[in-house]
Structures are given as C-alpha cells and as structure tokens.
Amino acid sequence: MDCNKILWLAVNAKYSHTSLSVRYLREAVPGSEIMELTINHQLLAMLGEIYSAKPKVLGISCYIWNIELVKSLLKLLPAALPDTIIICGGPEVSYGVTEFMQEFPMVDYVCRGEGEEALPQLIKQLQAAGFDLSKTNGQLDMSAIPGIAWRSLTGQISEGQAVTVRDFVGQVPFAYRAAEMVDIKERILYYETSRGCPFSCAYCLSCATAGVRFLPLARVFKELDFFVAHDVRQVKFVDRTFNAKKSHFLPILQYLLKLPADCRTNFHFEVAIDYLDEEVMQVLAQLPKGRVQLEIGIQSTNPATLKAVSRVNHWQDIADHIQKIMGFHNMHLHVDLIIGLPGEGMESFHKSFNDVYALQTDMLQLGFLKFLKGAAMMELVAAYHYQYMPMAPYEVLQNDALSYGEIRWFHSFEQVFELYYNAGRCRQTANYIIKECEQEDAFAFWQKFTDWWEAKGFHKIGHSTKNLYGYLRDFALAAYDLPADLLDNLLRYDALLSDGGKIRPENLNWNRLQYQDITADFWKGAPSPVRAYLPEYEFTNWRDVNKKYHIEVFAYDMTLTSQKLTGQQTALLFDYTAEAPVCQRIELELGVDN
Ligand code: SF4
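Residues numbered from 1 in each chain as written. Predicted model: local features only at pLDDT ≥ 70, side-chain atom pairs only at ≥ 80, totals over all residues.

Asks: What should I look at first to understand the domain arrangement of the protein chain in this one?
Replies: When the parts of a complex come together, some accessible area is lost, and that lost area is often taken as the interface size. Here the protein chain is partitioned into domain 1 (6-158), domain 2 (176-402), domain 3 (415-508) and domain 4 (511-586). One C-alpha centre belongs to domain 1, the other to domain 3, and the line joining them spans 47 Å. (Domains from an automatic or database assignment.)

Listed below in structure tokens is the structure:
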C-alpha cells in the first residue's frame, strides 16, 4: 500500500505532550506516518510543514485544546493541498457532524468515535480509488463503514454513528515504536490499559460508551517493560478510572512495585481514591519514591452539587485515604476541583476549597466547568441558567449561582493559586498566615490575596518568579498584623524550599555574608562538623558547595511553622543534591543573634 502518503496530524497542547491517537492510527494503517505540532505553532508555519509532507490523505486529530486552530487550518488547506483527502476525527468532531461538515466543506470524511477499526477500512476504499479525490468523494458509498460520516454526490451528508472498536484487545495496537523513543522519552507518553468509565459524571464524555474494556495483563506487563527499557520519564495512563477493576489494576501496581530500583519512570494514574482498600494501600505504601503519582478528581464536596452532576464521592473516605497516602511520603498527589458546578456558588466553593486545601496535596488544580458536545451537562443548561462559551474550550461564563463577574474573578484566583501553591512556592508563609491570621480559613487568605492582586493590576501582566515573594510580602504587611522580619524569615525559608533554592529575592534580608566565617568552618574546618549531617560529604571547591548546599540562619525556628513562631535563632542546612530539597537543623556557634 502506498501509505507513505497518509499522514495523521496531531496538534498537541504543549511540546512536552505526545499524541496517543495518531500513534494508534499509524499502527492500525501500516505505512502511514504521523506529524506532531503544537498549538503554539504559527498557523502558516503549520500549513508549510503539512504542505512539505505532501500527503495524499491527511487525518487530523481534533480535541478541545486544538479545535479552534484546526478550524483555521482547514480553511487554508485547499489552497495549499487541493488534491489531498481530508479526514477529521476525535471527540471535537464526533458530535454535531453535519454542522461541522457543512461549515468546513474541505473536510471529506469525519471519523466518529474510535478510529482504529473504521479508519483502516476507509483508507482501503480510498486506496482502491487511487487516493483520487475525483474518484472518491461522492463516488464511493461509505455507509458500510460504521463510524464514517461522508458526502454523497449531491452533497447529502451521511452522519453514520459514533462507534467503538468491536475487538478492543485485537484492534487496538501498542502505539509506540522503539525507533522514536530517543526523541520522545523525556516527554509525557500516554498509555491506556482500559477504555470507558464505570461512573457517569454529567460534564464528562468518558461514560458515553457503555462498559469498560480492559487489555489483558500479560500484554500490559510487556508494554510497561517497553517503557522501562527505554528509560521513559513519565507514562501517563489515560484509563479514566484506573482502579475500576481490582483484578486489573492491583496486579499492575504490584508489577510496578517489582521494577528494578534504578527504574526512573514515573507512572501517573487517575483514581477514584475512595474505592481503594487496605490491600491496595499496602502495595502503595511499598512503592519507591516517585514510581507512581495519583490524580484524584474531587470536583466539589457539596453533596447537592455532586448529586446534580451524578457524581458519587465518599468524602470521608477520600480525605482519609489521601491523608494515609500522604503519610507514605512516596508519591505526588494531585487533586482537582471544578469551578461553576450546579449550586456551587461562592459560599459553597469556599467550603469545597477549604475541605480540599486542608489535605495539603502536592497540587490542587482548579478547573472551570466545560460544556462538551455530547455530555449530559447540556441537559442542565436551562435548569441552572448556564451561559457558556460557544467555542472551545466551552467554559462556563455564568449560572444561577455565580455571576460572570465572579467567574472572571475566579480566573485571577486560579492564576494566583497556580503561581504560588501549585508551583510549590510560599506554602509555609501562606499556611502560617492562614493559621495565625485567618483561623484556618484558607479560602479567605487566597481570596484577599487575589483581591489585592487585582487591585494592583497584576492579573493583566506576566511576573518573574523573583517578584512573587515581594508581592506576598507587600500584601501580608498591608493585610495582617505580622512583623516584617517574621515575614522575611518565612519567605526566605520558602524561597530555599522551592525552585531548587535558586531564586533568592534580594529584599528578604539574606544573611549569608554575616555568617560566612562560621559556615566556612562548618564546611572546611578541621575537624568539620559537616559529616554529622551529610555523611557522604567531601569538600571539592566552594563553587560546588554553594551549588549543592546552603546554610541559612533564621531568627525563628522555621521547622516549627505549625506553631506560633517566637524568636529562636536557628541554622538550617538545605541540601539540593536530591530531586527535592532536604532541610535539616544544624548546630552552629552563631555567637550573636540575627
Ligand atoms: S469525570 Fe472521571 S469518574 Fe466521572 S465519568 Fe468522567 S472519567 Fe469517569
């Protein structure tokens, strides 16, 4: 088959992402090729790249993050490649097909639903006609291929229907090739061992197909071995609820547990954490640090809101299980909340946020409700007076619980929260203020900070990391009755714990020079006390010491930020030789108080 003229195009959201869907199609249609671009490409540059490949058939993978760009690209394609057969597929075109094909007449076919079975059949037909547009469009009857929408000679559009592959195990290939691994092993590789979700959240499309289909474990283990053998940095499972079936997911976790100790691959799973039992917890507890990370959709803790979107959360189990796993100190936990759910006004979100913030997970992602084509959420639009963006990403603009002004404000709230909490910055300072000045009301703190941020106009401009510390200092001094030197100490401590300790904003009263002689003795004295803290330490040169370690003297004992801080001079040693900084208190003959 002259398939080198078939090109599957993915336009990824970021360079670090890879596309699973086009790789599946590359394997399903032997000889076909893939092209991966990102939404940051200039439109004309994209067109030029595609033109250079001169495909006879161009299949475009359409998702929420790229559909607006793809629509612009489609309008340019006929001029550049007038003889190319254009196929679109993916969730963004699987619903509202007639409207889409009418608006974009250059699209010859749309693949609805899963493409691994339908597209090879379509390509076979097109090949039989020599990939000649004049012999394919309208001439070939595609109604025998479920999942393909096409036009008749009269321009009549046959929608077909969204399909799933009949044989998930037999027809869904392994998507990756050894030859490409050198180029992509540092990026995020997406992988699935199951399709479908047992739950039915109204805003989600993953439940659109009935039931959950699984790959056999023997195949999964072999494919996991492939990733490990190629030293992949991260494998992100796209299984919608990884723990949907214990007899499937537990052996996978046990398999990961047995991987060699020097395996650096991190495996990311989305789980319904409330359903994990003690046996699973025991396996999770034994996993080496960094082997696994978990994403946990919570979305809201308001029972009425969850009921309205047909989501089942067992909040107490969620909180208990997260706390337990946090105690293992071996994996990154990422939780999600959604802004704009039915009945979740300011007051309700305030509570959801505080409930989830109290868990202190590594990340608390704040998303905005989206109205995806084909999702049951569409049926709730009238009941809750929703207005939402008519174009991707279809985000909520207002409803009867949140005005547009409040939704807009939440975008600033989310920006502030991303720059600080989710970037791992200033957490000690924020949490200290929340405890000492806001009676543990985290939302009140982030709300006031966002208001201050907006009043300064900071939501309209970009920010350097260095400036973030000064902003928080200025806000806290204006909003709370806290001594400036306490804030400086907290922020210095935070700065040394985030961004690899490399960001040292000048205005925080650093005192390294003041204690230089004392710390020099610590590193190089004879005898030197350093080995009591760093048994493997060997002095090489000062550049190396300064790169790997830092000693900071604080006017407070920063290891006690969970209590009210009172003056107690403390020296802390920060070690940056591991992936995350390690901080320990050291004894130094400081002589004078800071
Ligand atoms: S939101 Fe998650 S749990 Fe709910 S249906 Fe979608 S994939 Fe399943």
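Read on for the rest.
Asks: Is there a simple way to think about the site of the ligand in this case?
Replies: Surveying the vicinity of the ligand reveals ten residues, the closest of which are Cys197, Cys201, Cys204, Ser206 and Arg240. Taken together, the residues of the shell around the ligand break down into five nonpolar, four polar and one charged. (Near = placed C-beta within 6 Å. Nonpolar A, V, L, I, M, F, W, Y, C, P; charged D, E, K, R; others polar.)

Asks: Looking at this structure, I do not really get the nonpolar core. What am I missing?
Replies: The nonpolar side chains of a soluble globular protein tend to be buried, and buried together. Core analysis: the largest hydrophobic core is formed by 138 residues, its most contacted members being Leu9, Val110, Leu122 and Ile148. Here Val110 is in contact with Cys88, Gly89, Val93, Val97, Phe100, Met101 and Ala149, once residues within four sequence places are set aside. (Core = buried A, V, L, I, M, F, W, Y, C linked by C-beta atoms within 7 Å. Buried ≥ 20, exposed ≤ 12 C-beta atoms within 10 Å, placed from the backbone. Contact = placed C-beta atoms within 7 Å.)

Asks: Please clarify how the pairing of strand β12 (residues 266-271) should be interpreted in this entry.
Replies: Successive residues of a regular strand alternate their side chains across the two faces of the sheet. Counted residue by residue, β12 has five buried out of six residues, so it is predominantly covered. Bridge count for strand β11 (residues 234-237) against β12 is three bridges, and the pairing is parallel. Pairing of Gln234 across the sheet is with Asn266, part of β12. Assessed by its sense of winding, the connection that carries the chain from β11 through helix α10 (residues 246-257) to β12 is right-handed. With five bridges connecting them, β12 and strand β13 (residues 292-299) associate as parallel partners. (Helix = DSSP H or I, 4+ residues; strand = E, 2+ residues; numbered from the N terminus. Pairing = 2+ DSSP bridges. Right-handed = clockwise from strand over helix to strand, strands pointing away.)

Asks: Help me understand unusual backbone geometry in this model?
Replies: Comment: phi is negative for the bulk of residues other than glycine, and the bulk of peptide bonds are trans. At the junction of Ala392 and Pro393, the peptide bond is cis and its omega measures out at 10 degrees in the coordinates. In the Ramachandran plot, Asp499 falls in the positive-phi region, its phi being about 50 degrees despite a non-glycine side chain. Within the fold, Asp499 resides in the loop between α19 (484-497) and α20 (516-524). Exposure remark for Asp499: the 17 C-beta atoms within 10 Å place this residue in the partly exposed category.

Asks: Looking at this structure, how should I read the packing of helix α1 (residues 20-28) against helix α5 (residues 115-128)?
Replies: Geometry of a packed helix pair, given as the angle between the helix axes and the separation of the axes. Between α1 and α5, the least distance of the axes is 9 Å, while the angle of their chain directions is 50 degrees. Our classification of the angle between α1 and α5 gives oblique. By crossing handedness, the relation of α1 to α5 is classed as right-handed. Contact residues: Tyr24, Leu25 and Ala28 in α1; Gly115, Glu116, Leu119 and Pro120 in α5. The residue inventory of the contact of α1 with α5, partitioned by class, reads five nonpolar, one polar and one charged. (Axes fitted to C-alpha atoms, helices over the stretch in contact; angles between N-to-C directions. Parallel < 35°, antiparallel > 145°, perpendicular 65-115°, else oblique. Left-handed = near helix turned anticlockwise from the far one by under 90°.)

Asks: Looking at this model, I keep getting lost on the sheet that holds strand β3 (residues 57-61). Mind explaining?
Replies: The strands that make up a sheet pair up through hydrogen bonds in the backbone, lying either parallel or antiparallel. Spatial ordering of the open sheet is given by β2-β1-β3-β4-β5-β6-β7, a layout of seven strands whose pairing is mixed. Bordering the open sheet on either side are β2 (33-38) and β7 (157-158), each of which pairs with just one other strand. Bridge count for strand β5 (residues 109-111) against strand β6 (residues 148-151) is two bridges, and the pairing is antiparallel. Paired with Val110 across the two strands is Ala149, which belongs to β6. Strands in contact with helix α2 (residues 43-53) are β1 (6-12), β2 and β3; relative to β2, the strand with the most contacts, it is inclined by about 170 degrees.

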